[in-house]
Amino acid sequence: MSSAARTLRTAMHLRPAQVWHRLGRKVGGLLPRRPLVCPASPVVSSSLTLPPDMPEAGAPEGDAEHWLSQMEQGTFTHLGQTQQLATDEQMDWRLGPVSQDRLWTVTLHYHAWAERLAELVARDDQLSDRADAVLRRYLADWLDHCDLEQEGAEQLAWNAYAIATRIGHWARLWHRLGERGRQPWGDGFQQRFLKSLWKQGAFLARNIEWDLRANHLMRDAVGLAWAGRFFEGDEPQRWLAAATQLALDQAAEQVLPDGGHFERSPMYHLHIMEDLATLARLIQDPAVVQQLRETWQRMAMFVAWARHPDGHIPLLNDAAFNGCPSPSDALKQAPARNGGGEWGGRHFADFGLFIHHSPAWSVFFDVGPVGVDYQPGHAHADTLTFECSFQGKRLIVDPGTFAYDHDHRRAYDRSTAAHNTVCIDGENSSEVWHIFRVGRRARPVNVAVDGEADCFHVAASHDGYRHLPGRPMHRREMQLDADRRLKIIDHVTGQGEHHMQGSLLIAPDWHVRSVGDGQWRLQNESASVTLRMQSDQPLIFSDESAAYHPAFGEEQLTRRLTWQYHGHPPLQVQTLLEGDVR
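On a predicted model such as this, the values are computed, not experimentally measured, just so you know.

## Here we look at the pairing of strand S18 (residues 527-535)
Item 1. Of the strand pairs in this sheet, strand S17 (residues 519-523) and S18 are connected by five bridges, and their pairing is antiparallel. Counterpart to glutamine 523 in the pairing with S18 is serine 528.
Item 2. Counted along the chain from S17 to the antiparallel partner S18, the turn is three residues long.

## Topic: the pairing of strand S15 (residues 498-506)
Item 1. S15 sits mainly inside the fold: eight of its nine residues count as buried.
Item 2. Alignment of strand S8 (residues 422-424) against S15, held across three bridges, turns out to be antiparallel. For cysteine 423, the partnering residue across the bridge sits in S15 and is glutamine 501.
Item 3. The sheet contact formed by S15 and strand S20 (residues 556-567) spans nine bridges and is antiparallel. The residue bridging histidine 498 from the neighbouring strand is glycine 567, located in S20.

## Some remarks on the nonpolar core
Item 1. Among the nonpolar cores identified, the biggest contains 151 residues, and Trp113, Trp361, Leu395, Leu486, Leu522 and Trp563 are the most heavily contacted of them.
Item 2. Of all the elements, helix H7 (residues 160-182) adds the most residues to this core, at eleven residues.
Item 3. Aside from chain neighbours lying at most four places away, what touches tryptophan 563 is Val422, Met500, Gln501, Gly502, Met533, Leu539, Ile540, Phe541, Leu571 and Val573.
Item 4. Leu256, Met301, Ala306 and Ile355 belong to the second-largest nonpolar core, a separate cluster that totals 15 residues.

## Things to note about the environment of glutamate 151
Item 1. Looking at the element boundaries, glutamate 151 is found in the loop between helix H6 (128-145) and H7.
Item 2. A C-alpha to C-alpha distance of 7.2 Å links glutamate 151 and glycine 96, two positions 55 residues apart in sequence.

## What about the environment of alanine 319?
Item 1. Here alanine 319 is to be found in the loop between helix H12 (286-305) and helix H13 (327-331).
Item 2. Taking C-alpha positions, alanine 319 is 5.0 Å from methionine 267, a pair spaced 52 residues apart along the chain.
Item 3. Setting aside residues no more than four positions away along its own chain, alanine 319 makes contact with Met267, Ile313, Pro314, Gly400 and Thr401.

## Here we look at a nonpolar patch on the surface
Item 1. A cluster of nonpolar side chains, contributed by Leu14, Val19 and Leu23, occupies part of the molecular surface with about 230 Å² of accessible area.
Item 2. Among the structural elements, leucine 23 can be located in helix H2 (residues 16-28).

## Considering unusual backbone geometry
Item 1. Across the junction of proline 569 and proline 570, the peptide omega takes the value 5 degrees, indicating a cis bond.
Item 2. Mapped onto the fold, proline 570 is located in the loop between S20 and strand S21 (571-581).
Item 3. Of note in this structure, arginine 264 is not a glycine but carries a positive phi near 60 degrees.
Item 4. Tracing the chain through its elements places arginine 264 in the loop between helix H10 (234-254) and helix H11 (266-282).
Item 5. Backbone geometry at histidine 434 places phi at a positive 50 degrees, although glycine is not the residue there.
Item 6. Along the chain, histidine 434 turns up in the loop between strand S9 (432-433) and strand S10 (437-438).

## A short note on the confidence of the model for the protein
Item 1. Averaged over all residues, the pLDDT of the protein is 93; the fraction at 70 or higher stands at 96%.
Item 2. Within the model, pLDDT remains below 50 along residues 337-341, and this stretch shows ten contacts once partners closer than five positions in the same chain are excluded.

## Quick look at the pattern of salt bridges
Item 1. The full count for this structure, using the stated rule, is 33 salt bridges.
Item 2. Residues arginine 130 and glutamate 65 are paired through a salt bridge, measuring 3.6 Å at the closest nitrogen-oxygen approach. Remark: glutamate 65 occurs in helix H3 (residues 64-72) and arginine 130 occurs in helix H6; sequence separation between them is 65 residues.
Item 3. Note on arginine 130: relative accessible area 26%, which makes it partly exposed.
Item 4. A relative accessible area of 44% places glutamate 65 in the partly exposed class.
Item 5. Among the salt bridges present, the one from aspartate 310 reaches arginine 394, with a minimum N-O distance of 2.7 Å. Of this pair, aspartate 310 sits in the loop between H12 and H13 while arginine 394 sits in strand S7 (residues 393-396), and the two are 84 residues apart along the sequence.
Item 6. The class for aspartate 310 is partly exposed, based on a relative accessible area of 38%.
Item 7. One network of salt bridges, with partners in common, ties together Glu115, Glu119, Arg172 and Arg176.

Rules behind the numbers
Residues numbered from 1 in each chain as written. Predicted model: local features only at pLDDT ≥ 70, side-chain atom pairs only at ≥ 80, totals over all residues. Heavy atoms only, no water. Pairing = 2+ DSSP bridges. Helix = DSSP H or I, 4+ residues; strand = E, 2+ residues; numbered from the N terminus. Buried < 20%, exposed > 50% of the residue type's maximum accessible area, 1.4 Å probe, protein only. Core = buried A, V, L, I, M, F, W, Y, C linked by side-chain atoms within 4.5 Å. Contact = heavy atoms within 4.5 Å. Patch = residues over 30% accessible without salt bridge, like charges linked within 9 Å, V, L, I, M, F, W, Y side chains within 5 Å. Areas by Shrake-Rupley, 256 points an atom, 1.4 Å probe, with all protein chains shown as cover. Salt bridge = Lys/Arg side-chain N within 4 Å of Asp/Glu carboxyl O. pLDDT = per-residue confidence, 0-100.

Written out as structure tokens, the structure reads:
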């Protein structure tokens, strides 16, 4: 009954169309698949050329020659993990319902590696011939063993999001190679490649992810736009028309008035920006292109603010440094933050994030919902968490995201106890479960913002614990005063007896030393911070080892500073951070 109630609390927020399309997929899976009709010789459009500003696939992990040598040996590295993909006898494309390393596997089928190999071929240097041999070997094997009709291919290799991403990489690699680079392929292999690419476009057009929506729909639009521009014919024109309407609708639906993305993940915000920029290059309707560019500009303003001094995003909700485009690419064209001013604060009220930058501190205070109600799959139970940097170095960090597997790391990354906020009775403030599910959701209330150039005072509450006996409620105040002291005051109200806990995850670059009960000295090579926790109630303090996942597939051990109290509310705990430059 408990599981059924949780499922109901999760499903009640879905749009009827999402349920309808999910049921349609289930029923469709039981029926014979309609054949995909492909021309005998698909015609590549002569009107599509890669724009000069089209970004490359991105540098591989490690230098190019080392990465190529790994590929030659069948060893593949991405998302922080190295796995054996090929032997002399066969390649393992991880087909079927993979339950471990799902993100690693589905990303493998994006084929960013194929475009990177094409870039090496096109460089026409000492690596070109080797890259050409590897590219043809891997693509030929994928075409042989990962066709839609192969058992286990549809789960991840022909997942709609993977197809939409792969179509873009294939279209770009075709043009990056040019006629000279494709000459070793021969006519037969080129036709196999083109027929598969057409087939992927046709399959994607039939399987738009209306059940998942959100960032998946935007990526589906990108895939259709690439396929529609790549080929000539009536069907590709229909794909392009569908992509145009989908892009226009989703830009309006997904991008909030303040420029933030409605899934409240800075990582996916950057993905959507990249998709909008690509769509603006591919779509041929000038009015739609203008609308997409204006939306991109609003999103770029958000990115101009939502970055630490190190240039990277805060790790709010699902986020990882190696899981998104670089913020610096967006910042090249982004408007100056704060109307051209250097420092100050800004409340992105629609997104639900207060940001303050000053010479000493950068602060990111999450005072928003966990995500859009009908698709909170990338949400963490992190309401009223915060991150901050001091003197240009990250100091308080969120746990990040290790992977998208149903395991203990995923549960940890999404849990309230892993974030820099207050946990009551060991419960999550939002009911996160499985990999991407959320039942009951915390709602921010009574948000108040008072910010100036050098100081700020922000307060907010949330109702994520109102279902517990005694209906406890957490309210947090954060303030930065003129003396560069950062203060966090946590209030817990309600009735009955509860276990309350608050913690701060310290970035690994800082050395942590206890200097008293509830007092620590945090030091790095250039600065030090004194951190004090205190209350009018007897607290238990601890300093423990904790996991930090700044990138997919990467785990670092760092320190978590924690206070605990068992008793009756009201409770007030003050945390004070005072920094010094060494």
